[in-house]
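# Commentary on secondary and tertiary structure
Chain by chain, the residues:
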Amino acid sequence: MPPLLRHAATWGAKYAAAQLGARRVPGIRFAKATTETLDVKGAASIGGADIRIIVDDLSLAAAAGIAAHETWHSLGDEDEGKATATQRAAKAAWTAHRYEQRAQIRRQLEELYDRICPSGRWEGEASARIAAAWYGSKTIGYTAALVLADRDLGLRLEEFQQIERDGLGDEHAFQTVEARRPHAARAAYSYE
Ligand SMILES: [Zn+2]
């Protein structure tokens, strides 16, 4: 599972637990959509140890929101209106929280690019190997690590672009990564 997606979901679960004044935070299990899950995005049972989240096409903010929704059911009650209100609030709070951290988010993304594309451009097999190693190919295997890298870097880039768009007119939004690192940024789009 992309590390940042898990982080966002955990953040959302903690947000809802705090709203409920609960000490326990449920575990999070990610699953892929199947023909049987239809358009279901998550599941929980009241008092259950874990909540489930469908990861396909999930943005970071959406993950925080759905985790909060399911945590509300898990630790609270079946009330759909309250769960949905908590979901909306968690999503907004996550977005605001990440916006506050935008300088750090930008720095982390640049560090990842520098690591994966040390020459300033995507070097095919060599860059793929570095990315896979960074995402744990030794433990989970090369292909799985590469898939993980694709998704995680894609999510990071998507979030970064969102923040940059929201930050237009903000004097601290400065240059984009594209402006500084045209070759690296171009290669990064292949992750999506
Ligand atoms: Zn619900």
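Above this text is the structure in question.
Because the structure is a prediction, the values reported are computed rather than measured. (Residues numbered from 1 in each chain as written. Predicted model: local features only at pLDDT ≥ 70, side-chain atom pairs only at ≥ 80, totals over all residues.)

## Points about the overall build of the chain
If you tally the helices and strands in the chain, you get nine helices and three strands. Along its sequence from the N terminus, the chain presents helices and strands in the succession α-β-β-β-α-α-α-α-α-α-α-α. Here the chain holds 192 residues, and the buried ones make up 32% of them. Contacts in the chain between residues at least 24 apart in sequence constitute 60% of all its contacts with a sequence separation of at least 6. (Helix = DSSP H or I, 4+ residues; strand = E, 2+ residues; numbered from the N terminus. Buried ≥ 20, exposed ≤ 12 C-beta atoms within 10 Å, placed from the backbone. Contact = placed C-beta atoms within 7 Å.)

## What to know about unusual backbone geometry
One non-glycine residue, L38, adopts positive backbone phi at about 50°. Looking at the element boundaries, L38 is found in the loop between strand 1 (27-31) and strand 2 (42-43). Positive phi values are uncommon outside glycine, yet D57 reaches one of about 55°. Considering the arrangement of structural elements, one finds D57 in the loop between strand 3 (50-54) and helix 2 (60-75).

## Remarks on helix 1 (residues 3-20)
Its 18 residues give helix 1 an end-to-end C-alpha distance of 26 Å, which sits within 8% of 26 Å, the value for a rise of 1.5 Å per residue. Three or more residues of helix 1 are buried, namely L5, A8, A9, G12, A13, Y15, A16 and A17. Where helix 1 is buried, its residues meet strand 1, strand 3, helix 2, helix 3 (80-100) and helix 7 (142-166). Just downstream of helix 1 lies G21, where phi reads positive at about 65°. (Expected span 1.5 Å × (residues − 1).)

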